[in-house]
Each structure stands twice: as C-alpha cells, then as structure tokens.
Amino acid sequence: MKGRKPKPTHLQVVGGNPGKRAIREDGLKLPSEYAPPPDHLDAYAVEAWEKLVPELVKLQMFTVLDHHAVEQYCQTYARWRRAEDALKEEGKDTYETHGKQGTMRRALPEVAIVAETIRLMRSVGSEFGLSPVARLRLGNIGQGELFSPFQKFDQQG
C-alpha cells in the first residue's frame, strides 16, 4: 500500500487531532504469548527467534498472526550470517577475472546476498520496531533490553 503508515490510536490522542477527523478504534487485540521456533529453522535463525520473540511478547507485539513475519526475519537473518561467515572465511570480498578487456575485479556473490538480506531485514524489522526510526513510528515502545550495550556485563554479574 502506498501512503503514510497509519498512526496508532494512542498517538493520535496524545498528538492532538488537528484535522478534527474521527479517531478510529484500535483493531482486534490478540493475546501476545511466546511460541517456540519452528523446527525447520537453522541455528542462526533460532538464535534470532530466541532473542526477538521474548522481547516482542513483553511489548505485546507478537501474536499468532505474526509468526510467519518473524520467521521470515529470522530466516533472512540466518542467510545474512551465513553469507558473512563465507566472506570471512574467504578473507576478501572480490575476485579477479581475466578476459579480452584485461583483468577485472568483481564482487563475490556473497556481497550481493549480504546487501539484499540487510534490505529485507530492515523492511520486515520495521514492522516490529527493530530500528530506532521504526520505534519512533510505533510510538511509545522503548528499546528495552534487546540491544542493551551492557548485556554482556549483566550476564557475568
């Protein structure tokens, strides 16, 4: 759909109603509860699921209707990690070809995979507030502990 994403009702109320239009009721509220990761996810995708889903449940943003979207995000995350691992193993991100025009430097296919998966993660992740800008769009949903820089210290103490 084109156009601006709808603003949540509580933000419309807080921000005022300059257009004097009727404020819509929030839609269907489904319960937010944890679900285990699907069996077909690989280790990287399960890692992402286990990090995201508990936080989304705390924020009341993970319902039965969201499973596939989170699964897509986790699968894309896993593909990104595998491509990054392959680049790290290779030790470089380009290779040379030799032809009629001489030597040409080309990017490894994993470079394109990384770029595309990052784009997809941003797209799907914005629906769940997984970036600072997306959280601003969603309203009063804070960062929480999901990306806490002090997390490694909390686990040691």
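Scoring rules and cut-offs
- Throughout this document, residue positions are counted from 1 along each chain, in the order its sequence is written.
- A pLDDT threshold of at least 70 governs which residues receive local features in this predicted model, and a stricter bar of 80 or more applies before side-chain atom pairs are shown or counted, although totals over entire chains, interfaces and linings include all residues.
- Calculation of side-chain values draws on the structure's entire complement of heavy atoms; hydrogens and water are dropped beforehand.
- Going along the chain from the N terminus, every DSSP run of H or I of four or more residues is numbered as a helix, and every run of E of two or more is numbered as a strand.
- By this rule, a helix spans an expected 1.5 Å times one less than how many residues it contains.
- Pairs of residues are marked as contacts when any of their non-hydrogen atoms sit within 4.5 Å.
- Salt bridge, as used here: a side-chain nitrogen of Lys or Arg that lies within 4 Å of a carboxyl oxygen of Asp or Glu.
- Burial classes: relative accessible area under 20% of the type maximum marks a residue as buried, over 50% as exposed, and values in between as partly exposed (1.4 Å probe, protein chains only).

## Quick word on helix H3 (residues 67-90)
Okay, step 1: Compared with an ideal rise of 1.5 Å per residue, which puts 24 residues at 34 Å, H3 spans 35 Å between its outermost C-alpha atoms and is within 8% of the ideal.
Okay, step 2: Summarising the contacts, the buried residues of H3 are in contact with helix H2 (43-58) and helix H4 (109-126).
Okay, step 3: Once H3 finishes, glycine 91 follows within two positions and takes phi at roughly 85 degrees, a positive value.

## Considerations on the pattern of salt bridges
Where charged atoms of side chains with opposite charge meet at close range, the side chains can pair.
Okay, step 1: According to the stated counting rule, one finds five salt bridges in the structure shown.
Okay, step 2: Note that arginine 81 is salt-bridged to glutamate 47, the shortest N-O span being 3.3 Å. Of this pair, arginine 81 sits in helix H3 while glutamate 47 sits in helix H2, placing them 34 residues apart in sequence.
Okay, step 3: You can call arginine 81 partly exposed: its relative accessible area is 21%.
Okay, step 4: Glutamate 47 sits in the partly exposed class, given a relative accessible area of 40%.
Okay, step 5: For the salt bridge of glutamate 96 with arginine 105, the shortest nitrogen-to-oxygen distance reads 3.2 Å.
Okay, step 6: Taking relative accessible area as the criterion, glutamate 96 reaches 45% and is therefore assigned partly exposed.
Okay, step 7: Overall, the relative accessible area of 59% leaves arginine 105 in the exposed class.

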